[in-house]
Number of protein chains: 2
Amino acid sequence: MNYFSSNFKLGILGGGQLGKMLLTETRKFDIYTCVLDPSAEAPSKIACNEFTQGDLMDYETVVNFGKDVDVLTIEIENVNVNALETLEKQGVKVFPSSKTLKIIQNKAKQKLFYVDNNIPTANFTRFAYLSQIEDAIDNGGLHLPFVWKAAQFGYDGNGVKVVRSKADLTDLQDGECIAETLIPFKNELAVIVSRNVKGEVSTYPVVEMEFHPEANQVEYVICPARIGTKIAHKAQDIALEVSKAFNHVGLLAVEMFQTQDDQILVNEVAPRPHNSGHHTIESSFTSQFEQHLRSILDLPLGKTDNKVAAVMVNLVGAEGHSGDVIYENIEDIMAMDGVTPHIYGKRQTRPFRKMGHVTIVNEDLNEARQIAEDVKNLIKVIS
Amino acid sequence: MNYFSSNFKLGILGGGQLGKMLLTETRKFDIYTCVLDPSAEAPSKIACNEFTQGDLMDYETVVNFGKDVDVLTIEIENVNVNALETLEKQGVKVFPSSKTLKIIQNKAKQKLFYVDNNIPTANFTRFAYLSQIEDAIDNGGLHLPFVWKAAQFGYDGNGVKVVRSKADLTDLQDGECIAETLIPFKNELAVIVSRNVKGEVSTYPVVEMEFHPEANQVEYVICPARIGTKIAHKAQDIALEVSKAFNHVGLLAVEMFQTQDDQILVNEVAPRPHNSGHHTIESSFTSQFEQHLRSILDLPLGKTDNKVAAVMVNLVGAEGHSGDVIYENIEDIMAMDGVTPHIYGKRQTRPFRKMGHVTIVNEDLNEARQIAEDVKNLIKVIS
């Protein structure tokens, strides 16, 4: 198949910031693109060839959109999987596959998949209703503390909560969920694996999520992770195992815990370009978005080494600010060495809304980390 | 001025491949963009917010387009300069300025400008008509060989010819022109200077154009140039002088000859992102397109150091092929280390038509140069 300047069409389900960054890479290869997104204001709208407004969870909408494209991919997991199954039967190449998405969309299924495939993951119990959790605590079948996770439609920390007492259960949504052993981890790590159709595989360097000591929120994504070679290889090997188990095509971001005794436990995966790989735009020989395209179009994979070290900081809306967004001090951070802001183009800010990210690259990782701290202290996303 | 998520509008005259790559960078900063181009098929069309089809040389068209934007820039020099003057008077910020463009658009004026500003350049004589050249040769006022250059509208080697005998004059277009001393140069070099509105200035590393030994065509753009530090600093200093003389805002690509006795002579300039800076997308801390935006929006300039060494190869249509383009062996070159093709999206190839470029990056410049040769030998732009 000649993707370059042919009649080939790539479809993308979802037109948010990830889709926008993916579309940026399609320009380099002159790939014809079609995007489906529920919002008429989707960031991807101006960067694709054809934009369709429609519901990603609606069977008819997704089938109608997908039947005109050659390869279909996603930028968000919450899409109608039955529609993808239908399209696969009609000959559309869908990456990630409907089979993979079905497993990933449901966290209970995802965890069972790891168990079935001998992939190390934290112990867990599945519950059909929230009330079953209370019963299990009461009858001693479940011990506090644990991590509650909604089985479906969790996103960006939504649908995940550390439960330390029964009172913590009160505000949680009802429905299928899991209770997972709380892991006192040393590091949270992530590895992005790419695999093309013919089975060529590569991994990006391990990244480390550095947490704020008090707020317990990821502050910095650091590449390469400040860990030993042995544990890095272990993390990459396990990520490769996960990709192989899914028979995955495209990018697979594998989030993991490094425990106190240097075990690696898989937390969860995302079958698409991922926040933990944004730094690759500036730091890597091949950005994750280019690599995703190479994978799903069955092109040779690009080199995944770092050119330079990188630290990524998410730009989220400041607390107490809702309304027309202002990026305070953005010019000051742009004056610093190797600092590139990425603004997603959302007009309105809200507390903790993801509004963009900033990448800091440097030959020296410690230098990059220091500049990242300066960036974090300076820039404010306010209204 | 807050460019990020405000009502700010950036206008670009010309919607070709340079405009397309500039627009890619505007996505990162969420800049609202308007493009004017004569072709309904312009590559920029799908990457901007508003597209207007119209003649860049038509006064009314350019004024009507420009009056709605805050900052206006170009991706091609051949635009109606009187319209830019009018827009400047109306308060639109035009970079490069109409004054600079007037000088650059006419090669005789450009050469006189260098002389007036003590910038070293090859000796030349201006002629109003081609017949004056013949007369000058006959009466001994002009010696063969020399380089003939049309004063206006030359592009991509068009409008430039080495004249070794009177017979070489026959096919040349009539009209204003210059005859320039033929310089037996050691190297052809280029330096891109960026300058923002408040006068902050930076230069990119010197690049070297390596010529094919027989065909006398630029084969590789190499960064950094394989020259001594002293001559590199000299080239950068002269490029800075040129930028200062123009009081230039935005990018200024300065093409230069390094003579056999290590003099630096300015050949010509381009007041915009330039072919000699395409490699910066992959190799530099700041791509030339991002730097142009930072300059004209009066943002702090980015770091211009290389992360890694780079070689750039232009993809031009092969001889004997006209029609629907095929990029033969493109998958083979994509399998090589650090190789990124950029396809401009022109449907039809013609002999020597610029269809794209390929960047090869590597920690080691010699390695990059070797891979570039492999790339050049493999890929064919055919029909």
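All of these numbers come straight from a predicted model, not from anything done at the bench.

**Q** Quick one: what's the story with empty space enclosed by the protein, residue by residue and with numbers?
**A** Using the criterion set out here, one finds 8 cavities of 30 Å³ or more in the structure. The volume enclosed by the largest cavity comes to roughly 710 Å³. Looking at the largest cavity, it is lined by 40 residues, and the ones nearest its centre are Thr-24, Glu-25 and Ile-281 of chain A together with Glu-25 and Ile-281 of chain B. Across the lining of the largest cavity, the residue classes tally to 12 nonpolar, 14 polar and 14 charged.

**Q** Break down the side chain of Thr-304 of chain B for me, citing the residues and quoting the values.
**A** Residue position: Thr-304 of chain B is located in the loop between α9 (288-296) and β16 (309-316). Excluding its chain neighbours within four sequence positions, the residues that come into contact with Thr-304 of chain B are Ser-202, Thr-203, Tyr-204, Pro-205, Ser-284 and Gln-291 of chain B.

**Q** Outline the interface of chain B and chain A, listing residues and values.
**A** Chain B puts 46 residues into the contact, and the matching count from chain A is 46 residues. When chain B packs against chain A, close to 4000 Å² is buried across both sides, 56% of that on carbon and sulfur atoms. Area buried by chain B at its contact with chain A is led by Ile-46, Lys-307 and Met-334 of chain B, which between them contribute 16% of it. Remark: the boundary between chain B and chain A carries 6 salt bridges. Between Lys-303 of chain A and Glu-363 of chain B there is a salt bridge, with its nearest N and O atoms 4.0 Å apart. The tally of links from chain B across to chain A stands at 12 residue pairs in polar contact (both at pLDDT 80 or more). Mapped by element, the contributors of at least two residues to the side of chain B that touches chain A are α1 (17-29), α9, β18 (326-328), α10 (330-334), β19 (339-343) and β21 (354-362) of chain B. When the residues that make up the side of chain B that touches chain A are grouped by side-chain class, the tally is 21 nonpolar, 10 polar and 15 charged.

**Q** Please give an account of the environment of Ala-179 of chain B that cites residues and values.
**A** Residue and element names in this part refer to chain B. Within the secondary structure layout, Ala-179 lies in strand β9 (residues 177-181). Sequence separation between Ala-179 and Val-163 is 16 residues; the distance between their C-alpha atoms is 9.0 Å. Leaving out residues up to four positions away in the same chain, Ala-179 has contacts with Asn-123, Phe-124, Thr-125, Phe-127, Leu-142, Phe-146 and Val-147.

**Q** Mind laying out the sheet that holds strand β6 (residues 124-127) of chain A, listing which residues take part and the relevant values?
**A** Residue and element names in this part refer to chain A. Spatial ordering of the open sheet is given by β6-β9-β7-β8, a layout of 4 strands whose pairing is antiparallel. Each edge of the open sheet is held by one strand with a lone partner, namely β6 and β8 (160-163). With strand direction ignored, the average angle separating the axes of adjacent strands in the sheet is 25°. Bridge count between strand β7 (residues 146-150) and β8: 4 bridges; the pairing is antiparallel. In the strand pairing of β8, Trp-148 is matched with Lys-161. Here helix α5 (residues 107-116) sits on the sheet and contacts β6, β7, β8 and β9 (177-181); the angle it forms with β6, its principal contact strand, is near 140°.

**Q** So what's going on with the UniProt feature "binding site: ATP" (unreviewed entry) in chain A? Residues and values would help.
**A** Residue and element names in this part refer to chain A. Under the feature "binding site: ATP" (unreviewed entry), the UniProt entry names Lys-107, Lys-149, Glu-180, Thr-181, Leu-182, Ile-183, Glu-188, Asn-267 and Glu-268. Position of Ile-183 among the secondary structure elements: in the loop between β9 and β10 (187-195). The class of Ile-183 is buried, set by a relative accessible area of 15%. Mapped onto the elements of the fold, Asn-267 is located in strand β15 (residues 264-270). With a relative accessible area of 11%, Asn-267 lands in the buried category. Setting aside residues no more than four positions away along its own chain, Asn-267 makes contact with Gln-110, Tyr-114, Lys-149, Glu-180, Glu-188, Glu-255, Met-256 and Phe-257. A polar side-chain atom of Asn-267 sits 2.8 Å from a polar atom in the side chain of Lys-149.

**Q** How would you summarise the relation of the copies chain B and chain A if you had to cite specific residues and measurements?
**A** Overlaying chain B on chain A yields an RMSD of 0.0 Å, the required transformation being a rotation through 180° with an accompanying axial translation of 0.0 Å. In the structure described here, the two chain copies are related by an operation that fits a two-fold rotation axis. Considering only C-alpha atoms, the residue of chain B closest to the rotation axis is Ala-47 of chain B, which sits at 2.5 Å. Most of the interface of chain B is mirrored in chain A: 100% of its interface residues are interface residues there too.

**Q** Can you lay out the pattern of salt bridges for me, pointing to particular residues and giving the numbers?
**A** Taken as a whole, this structure holds 42 salt bridges over all chains when the rule is applied. Here Asp-298 of chain B ties to Lys-198 of chain B by a salt bridge, and the two come within 3.5 Å at their closest N and O atoms. Here Lys-198 of chain B lies in the loop between β10 (187-195) and β11 (201-203) and Asp-298 of chain B lies in the loop between α9 and β16, a separation of 100 residues in the sequence. A cluster of three or more residues bridged by salt bridges with shared partners is formed by Glu-208, Glu-210, Arg-226, Arg-369 and Glu-373 of chain A.

**Q** Run through the packing of helix α1 (residues 17-29) of chain A against helix α9 (residues 288-296) of chain A, naming residues and quoting values.
**A** Residue and element names in this part refer to chain A. Contact geometry for α1 and α9: axes closest at 9 Å, N-to-C directions at 70°. With respect to α9, the element α1 is oriented roughly perpendicular. Our pair here, α1 against α9, has a crossing hand that is right-handed. Between α1, through Leu-18, Met-21, Leu-22, Glu-25, Thr-26, Lys-28 and Phe-29, and α9, the contact on the second element is made entirely by Phe-289, Glu-290, His-292 and Leu-293. When grouped by side-chain class, the residues that make up the contact of α1 with α9 number 6 nonpolar, 2 polar and 3 charged.

Criteria and cut-off values
Residues numbered from 1 in each chain as written. Chains lettered and ligands numbered in written order. Predicted model: local features only at pLDDT ≥ 70, side-chain atom pairs only at ≥ 80, totals over all residues. Heavy atoms only, no water. 1 Å grid on protein atoms, 1.4 Å probe; cavity = no way out; pocket = protein on both sides within 12 Å on 5 of 7 lines; lining within 4 Å. Points joined across faces, edges and corners; volume = space filled by probe spheres on them. Nonpolar A, V, L, I, M, F, W, Y, C, P; charged D, E, K, R; others polar. Helix = DSSP H or I, 4+ residues; strand = E, 2+ residues; numbered from the N terminus. Contact = heavy atoms within 4.5 Å. Buried area = accessible area lost by both parts, 1.4 Å probe. Salt bridge = Lys/Arg side-chain N within 4 Å of Asp/Glu carboxyl O. Polar contact = N/O pair within 3.5 Å; in protein donor to acceptor, adjacent residues only side chain to side chain. Pairing = 2+ DSSP bridges. Axes fitted to C-alpha atoms, helices over the stretch in contact; angles between N-to-C directions. UniProt positions renumbered as here; feature names shortened; annotations may be inferred. Buried < 20%, exposed > 50% of the residue type's maximum accessible area, 1.4 Å probe, protein only. Least-squares fit on C-alpha atoms with pLDDT ≥ 70 in both. Parallel < 35°, antiparallel > 145°, perpendicular 65-115°, else oblique. Left-handed = near helix turned anticlockwise from the far one by under 90°.

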